[in-house]
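Chain and residue survey
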Amino acid sequence: MIADISIIKQNIEQDFATIKDAESLEQFRLKHLTKKGTLPVLVESLREIPKEDKPAIGKLINELRQYVEATFKEFKENLEAEESSVPLIDTSLPGRMPLKGHIHPIKKTLDTIISIFEGMGFTVAEGIDIEDDYHNYEALNFAEDHPARDMQDTFFIDDPRGDILLRSHTSPVQIRMMKSHPIPIRSIMPGRVYRNEALSARSLAEFHQIEGLYIDKNVTFADLKGTIVAFAKQMYGNNSQFRFRPSYFPFTEPSAEVDISCYLCSGKGCRICKHSGWLEICGCGMVHPQVLKNCGIDPEEYSGFAFGFGIERVTMLATGINDIRALYENDIRVLEQF
Ligand code: DAH
């Protein structure tokens, strides 16, 4: 009997060694501690032991029972403690990406353009959206009956003061800068502009422009060319080609329009450049002496250049978006691509 007890003890000890989780703990309990389990059966067998052997055998069985119960309790407590310290996160689940906002493509273009010009020493200035005829046209050398006024279909505002309008370009900010800032002036002026245009894939009634102005002594057309080319190389890449075409704006003389070689087809001709190989990027010119005079600047002493371009057009070329309305519909399926 004594030998049996020691074998049972060995078996139980082996089974203790297999306990590693709730399931093996339960297996152990079922095998050894339940009514038909090893330990209760052993205790039960004490009844059949001859009276004189009972004290010795009973002691051994009792010791074994105490040892098994105490060790089992210890295992159980350790497992429970381990379980409660396990975080209730299933790390094998696929992650859920947080929804992330995007900078709007127009704002991105604007930020890029601003940082390039800031790198060349230009400051950023802003004007006002509701202008008067004087700043939007007259001071910029558009005479009252000048046909160039028809180039920009203007929204006029019914106002007892008369001549109030939504600015049709950012050029009036030039006038405000020249009238209020000491020379030298070297600024870019981004902002919204408004034109009474039919909405289409190419035009909107409200869009953005960026104006540039540099006034100082001895500013020449070479400075204008150098500045535009330096900007465009940073914006469109070093290999771009440029051409300046003579043009007309009432507030600059001489005036030009700048084209860059189409960066999609490298000038070979494609749908985007309408098979010409060139993309128009901006209007520019030397500030007209009359405009300088209108702002109290002596054209004999000072000269300057100005330029202006549309932000939407630059954005469309950069993103491949070919309908300008897509930039304003705020369709998340469009915006999340940029
Ligand atoms: N204001 C002109 C427009 O909206 C663009 C422009 C052309 C601005 C030439 C300039 C410039 O400053 O020099 O069509």
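In the block above lies the structure referred to throughout.
Below is a summary of the structure that appears in this document. Given the structure is predicted, the values throughout are model-derived calculations rather than measurements.

Observations regarding the packing of helix α5 (residues 105-119) against helix α10 (residues 311-319)
For the pair α5 and α10, interaxial distance at closest approach is 9 Å and the crossing angle is 105°. The angle between α5 and α10 falls in the class roughly perpendicular. Mapping the contact onto sequence places P105, I106, T109, L110 and I113 in α5 and I311, E312, V314, T315 and T319 in α10. Here the residues of the contact of α5 with α10 are counted per class, giving six nonpolar, three polar and one charged.

So, the site of the ligand
Taken together, 16 residues sit near the ligand, with H169, S171, R195, Q209 and E211 positioned nearest. With respect to the ligand, the side chain of S171 contributes an N or O atom lying 3.0 Å from a nitrogen atom. Q174 places a polar side-chain atom, nitrogen or oxygen, 3.1 Å from an oxygen atom of the ligand. Its free accessible area being 360 Å², the ligand has 92% of it covered by the protein chains.

Structural notes on unusual backbone geometry
The amide bond that connects I183 to the next residue, P184, takes the cis arrangement and shows omega of 5°. The topology assignment puts P184 in the loop between α7 (172-180) and β5 (185-194). For the bond running from E253 to P254, omega is -5°, close enough to zero to count as cis. Of note, P254 is situated in strand β8 (residues 252-261). The backbone of D163 sits at a positive phi, close to 60°, despite the residue not being glycine. Looking at the secondary structure, you find D163 in the loop between β3 (156-157) and β4 (164-166). A positive phi angle, close to 60°, is found at N218, a residue other than glycine. Residue position: N218 is located in the loop between β6 (206-216) and α8 (221-236).

Looking at the packing of aromatic side chains
All told, the structure shown has 16 aromatic pairs when counted by the stated rule. Considering the side-chain rings of F142 and F251, the 6.0 Å spacing of their centres and the 35° angle between planes classify their relative orientation as tilted. Taken together, the residues span a long stretch of sequence, with F142 in the loop between α6 (133-136) and β3 and F251 in the loop between β7 (242-249) and β8 at a distance of 109 residues. Judged by its relative accessible area of 9%, F251 falls in the buried class. Each residue in the set F117, F122, Y214, F231, F305, F307 and F309 is aromatic and connected to the rest through ring pairs, giving one cluster. Above the plane of the ring of Y67 lies K9, whose end atom (NZ or CZ) is 5.2 Å from the centre.

What about the sheet that holds β4?
One open sheet accounts for three strands, arranged β2-β4-β3; its pairing is antiparallel. At either margin of the open sheet sits one strand with a lone partner, and together these are β2 (130-132) and β3. Both β2 and β4 contribute to a ladder of three bridges, which runs antiparallel. Within β4, the position partnered with E131 by the bridge is L165.

Some remarks on the pairing of β8
Counting buried positions along β8 yields eight of 10 residues, so the element is predominantly enclosed. One ladder, built from seven bridges, connects β7 with β8; its direction is antiparallel. Looking at the pairing, R245 lines up with E257 of β8. The turn linking β7 back onto β8 is made up of two residues. Bridging between β8 and strand β9 (residues 278-287) involves eight bridges; their strand directions are antiparallel.

Calculation criteria
- Residues numbered from 1 in each chain as written.
- Predicted model: local features only at pLDDT ≥ 70, side-chain atom pairs only at ≥ 80, totals over all residues.
- Heavy atoms only, no water.
- Axes fitted to C-alpha atoms, helices over the stretch in contact; angles between N-to-C directions.
- Helix = DSSP H or I, 4+ residues; strand = E, 2+ residues; numbered from the N terminus.
- Parallel < 35°, antiparallel > 145°, perpendicular 65-115°, else oblique.
- Contact = heavy atoms within 4.5 Å.
- Nonpolar A, V, L, I, M, F, W, Y, C, P; charged D, E, K, R; others polar.
- Near = heavy atom within 4 Å.
- Polar contact = N/O pair within 3.5 Å; in protein donor to acceptor, adjacent residues only side chain to side chain.
- Areas by Shrake-Rupley, 256 points an atom, 1.4 Å probe, with all protein chains shown as cover.
- Phe/Tyr/Trp six-rings, centres within 6.5 Å; stacked < 30°, edge-to-face > 60°.
- Buried < 20%, exposed > 50% of the residue type's maximum accessible area, 1.4 Å probe, protein only.
- Lys NZ or Arg CZ within 6 Å of the ring centre and 35° of its normal.
- Pairing = 2+ DSSP bridges.

Shape descriptors only; they carry no functional weight alone.
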